Every structure is written in structure tokens, then in C-alpha cells.
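Each chain, written out:
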Amino acid sequence: MKKNKLYIPVLLLALAGSSCTNSLLNMTPDSSLTTNNFYKTSNDMDQAVIGIYSGMQDRKPKDYLLMEMPGDNLYMGTAMPGVNDLDYLTVNPENTAVADFWEKSFYGIGRANAVLENIDRPTDYASGKKEQFTGEAKFMRALFYFDLVRLFGGVPMVTKTPSISEAKNMPRESADKIYELIIADLKAAIDLLPAPATAVRGRASKGAATGLLGKVYVYRKDWANAKIYLEKAIRDFGYQLEPSFATLWSLASEDNKEIILAIKYTDGSNGHSLGIDYAPIGGIAGVVGSGNQYAFPSWSLNKKYIAGDSRKASTISDYVVKATSPNDPPAWGPYVKKYATKFTGATSGQDLPVLRLADVILLYAETLYNSGDKSNALIQLNAVRERAFGDATHDYTAADITNPDSFLDILLLERQLELAYENERWPDLVRTGRFMTVMTSEERDYNPATSTATKVTLAPKATMAVFPVPQRQIDQYAPGVLKQNEGY
């Protein structure tokens, strides 16, 4: 069982994740469940669908290791296995953080497949519930695969629970084939899922599937389809930019009109440690007593926030460590602020966004520009910019965008400032081809006494556009079946 870690446990995990309370958040696995004694009722299927979300709950708090750490927003603090290589762009197939991401993503896919394979078994569905559960399973499978294909390129395409023999002999499909599956799943989900107004918070809706599909088409540079679905996501479901950026990161207002989908957590009982991971070793007064200090905000990002940009205060805290002796100057010790929310248990109950309207609007601006509608692209960019500054005094003008490169510069800057630490920076740099130039150096630690930053020289390779296939996965396959990415 252990040797086929990628595939064989996925059905068992789908079953375990299915036996839980009636809460989306608190799951109690039951190892006695099997396919024969489960999936009999609509409630069983509901719990099985919740089990898919729990797979994302488990993975998402560490997504920053692959999606932020290689970029210029973040650099390593306290050592963690595999993180040094991610930070310095020297990743190899033995990297444990990369392997964990791969495996947890496929666990989630396995749970989704188990729901879809057994969806016809219950006979007691209330009106619309079978369709909803099917749509949620397809949406979540698409989401897991979207993350995988963005980071690894082509991966094995698993759409049913395989036998041991099938699992050991399942090769990678091309990235194009994986994207075809993602698009098909999301189109089906749009038809099957409830509207956001009637969907349970933390569960997929028609709006979430529409917005994610638009985002997928941006990654495919299919601007015509991206425009169709992003416009629908913005126009049809009642989402709104919050007037205050800080609202997005307050526990009291995390269920707001800008959030298209967030993964739910509960303080202590079913929370996450992201706020602790980012917190200084000494903790944050009034928030958390101690921290892991796994990663620091970079000066490369910090210096890009100009005066008046309200996003800075909710994104980075310029924490200053007091001098230990009279002759020592105070040290700059910033921490990521977005997830620094007070919690009473051992872990945080702050929800983690998967997709929010500002992301969709910036993708829409990119789509419009690449569709030839430059004036409306500017309007969309400035909608996000105006929320950040509270007025139009810092709006971009047509004079700021003289060619496609200058537009991309501005777009990536706004996405960086708006979406920092939401796991968009590294994928943005890769999909636009900018990682090879942006990541040649990074300013990390900053000395306020001398007004200088520590600059680290990096040597990104073109092959870093995708991460290596984990060696511990290759070793579990029949010889030669699971091919490694080029350059590793």
C-alpha cells in the first residue's frame, strides 16, 4: 500500500474524508469505511464531497513554498526541508516540499474521482443535490489539476480510481491534454453548480467555476474565451470590490462580496498554521505568542509600495526588532501581515482565498489589452488601483502604456502589490516569461540604519518554468513510465 503512495491511498482517503460531521470544516475520519458500506445515501455523498475540500484545506497553507518562495516576494527564514533550493532556484527531484505538493494534489483528485464514480448509487437526493455534488467534484478536480499543470506541466491524467497495475503504468499526459480536462470539468461545473447566492460559503458555485475558467483561458492565452468567462464572472454574480482592502483580511468580514471562493478553517479545531509560519520567532503582540519565522517579506516587494497605497499596511508589517545593546542599531524584521489574525486555539481559523474579484479584474484587464481594447484595459487596472489609494490620483494613463512590454510591467506590478502572498507571483512570472529576467537578483534583508538592502544574485534556468517530477514518485512506477522534466 505504501509503495504506491501517489494513487493507491486516494480511494481510502476519499472514504476517510467522507466520514465526518455535518460541518464543512470539522472532519473525523473513520478507517472502517469501504466502498461497499459507504456512498449509499445523499448524506454520504455530501460528506464525500466535503472530503475533497479537506484535501485542499490540508495542502493550501504550504502552497507558498512553491508559488511564492521561488519569486521575489519572499525569502527563507528558519530552515525547512527543501525550501533553501526553492528560495535559490536550485530545485532537484528529491525536494520534499515539491513531492508533498504533488502527492496532496493527487489525493484531492482521487477523492473527487471517488465521488464521481459513486454519484449514481444513492437514491435519496433532494432536488438539485446530485447535480451540485457532481459539479463540486468536477470543479475541485479541475482546481487541483490547474495547480499541478501550472507547476509541473503534463502530469498523469487520473479520472477514475486505478488498479495497482494501472497506477504503476500510467504515464504523464501532455499539458494540453490536462488543460482540456480542466476546461471540460469547469464547463460541466458551471452548468451543475448553484449560483453564489444559494451556495454554502466555502463550497464551489457557478460564479467560482466561471471565474476559474476565465483564469484558465488566460493561462492558455485564449483571449476570446477568457473575455467571455471573465466578463460573466464580473457581471453576473454580484461580486464587488470591497471599499477597504483591509476588510479582506479581517476575521469579522472575511465572508465578503469580493471573495469568489475561499477555503474555510476554524480556530483551533480545524485551523491552519500559516500565520504562525510567517510570524517572528517572538510572536506578534495580541495575535500569537510565538512564530516559526519560516519566511520573510523581501525588500524587492516592500519598496514597491508607495506612500498612500493602503495595501501595504495589510500585506507587510515593518516590524522593528529592538537593539540588544546600546551600541547596536534596531534591526528591520518585517513579517507577512495578511494572515496575522488573532486566534485562541493552536491554529488559525482565517479563511484562505482561492479566487477573489480583484484577481479576476486584473486578468480581465490583461485579456482586454491582448484583445486590442486598450482603453477598457486601463479602466479595469485603475479600478483596482483606485481601491488601493482611495481615489483616482494615482491612476495609470495611456501615456504610461506605450507598448505591450510597458503594459505587462504595469500589470505584473499591480498583481504583485494586490495579490502578494496569495500564491500568484511565481505562476505569473512563469506564464509571462518574466521569471528569467526578474529573478536574476533579489533584494532581501534591509538595514534601516544604512538604508541598504542585501542583494542576492540568482541564476534561473529556463527549465525552472516547471518543477521536477518528484523522484519518490518516479521510483514507485514501472521502470521508465513516469518521465522526468527536461533539465532535472
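Residues numbered from 1 in each chain as written. Predicted model: local features only at pLDDT ≥ 70, side-chain atom pairs only at ≥ 80, totals over all residues. Heavy atoms only, no water.

- Under an unreviewed UniProt entry, the name given to the protein chain is RagB/SusD family nutrient uptake outer membrane protein, and the source organism is Chitinophaga fulva.
- Reading the Subcellular location (unreviewed entry) entry of the UniProt record for the protein chain gives the comment "Cell outer membrane". (UniProt positions renumbered as here; feature names shortened; annotations may be inferred.)

## Considering the packing of aromatic side chains
Thinking step 1. In the structure shown here, the tally under the stated rule is 20 aromatic pairs.
Thinking step 2. Taking 5.1 Å as the distance between ring centres and 90° as the angle between the ring planes, the aromatic pair formed by tryptophan 102 and phenylalanine 152 counts as edge-to-face. With tryptophan 102 in helix H5 (residues 96-118) and phenylalanine 152 in helix H6 (residues 129-152), this pair connects stretches of sequence that are 50 residues apart. Neither tryptophan 102 nor phenylalanine 152 differs from the other in exposure class; each is buried.
Thinking step 3. Among the aromatic side chains, those forming a connected cluster through ring pairs are Tyr64, Phe245, Trp249, Tyr278, Tyr339 and Tyr421. (Phe/Tyr/Trp six-rings, centres within 6.5 Å; stacked < 30°, edge-to-face > 60°. Helix = DSSP H or I, 4+ residues; strand = E, 2+ residues; numbered from the N terminus. Buried < 20%, exposed > 50% of the residue type's maximum accessible area, 1.4 Å probe, protein only.)

## Here we look at H5
Thinking step 1. In this model, H5 (23 residues) spans 33 Å end to end at C-alpha, consistent with the 33 Å of a helix rising 1.5 Å per residue.
Thinking step 2. In terms of burial, H5 is largely enclosed, as 18 of its 23 residues are buried. (Expected span 1.5 Å × (residues − 1).)

## Remarks on unusual backbone geometry
Thinking step 1. The phi dihedral of tyrosine 39 falls on the positive side, at around 60°, and the residue is not glycine.
Thinking step 2. As for its placement among the helices and strands, tyrosine 39 is situated in the loop between helix H1 (8-18) and helix H2 (42-59).
Thinking step 3. Owing to a relative accessible area of 0%, tyrosine 39 belongs among the buried residues under this scheme.

## Focus on the pattern of salt bridges
Thinking step 1. With the rule as written, the count across this model stands at 44 salt bridges.
Thinking step 2. Across the pair lysine 304 and aspartate 72 runs a salt bridge, and its minimum N-O distance is 3.8 Å. Remark: aspartate 72 occurs in the loop between helix H3 (64-67) and strand E1 (74-76) and lysine 304 occurs in the loop between helix H12 (299-302) and helix H13 (311-315); sequence separation between them is 232 residues.
Thinking step 3. Classification of lysine 304 as partly exposed rests on a relative accessible area of 28%.
Thinking step 4. Connected via shared salt-bridge partners are Arg59, Asp63, Asp147, Arg150, Lys215, Asp359, Glu366, Arg415, Glu424, Asp428 and Arg431. (Salt bridge = Lys/Arg side-chain N within 4 Å of Asp/Glu carboxyl O.)

## Here we look at the environment of tyrosine 396
Thinking step 1. Within the element layout of this structure, tyrosine 396 appears in the loop between helix H15 (374-389) and helix H16 (404-419).
Thinking step 2. Residue classification places tyrosine 396 among the buried positions, given a relative accessible area of 11%.
Thinking step 3. Counting along the chain gives 150 residues from tyrosine 396 to alanine 246, while the straight-line C-alpha distance between them is 23 Å.
Thinking step 4. Residues within four places of tyrosine 396 in sequence aside, it is in contact with Leu378, Asn382, Arg385, Ile410, Leu413 and Glu414.
Thinking step 5. Within the local environment of tyrosine 396, its side chain forms a polar contact with the side chain of arginine 385, the two groups lying 3.3 Å apart. (Contact = heavy atoms within 4.5 Å. Polar contact = N/O pair within 3.5 Å; in protein donor to acceptor, adjacent residues only side chain to side chain.)

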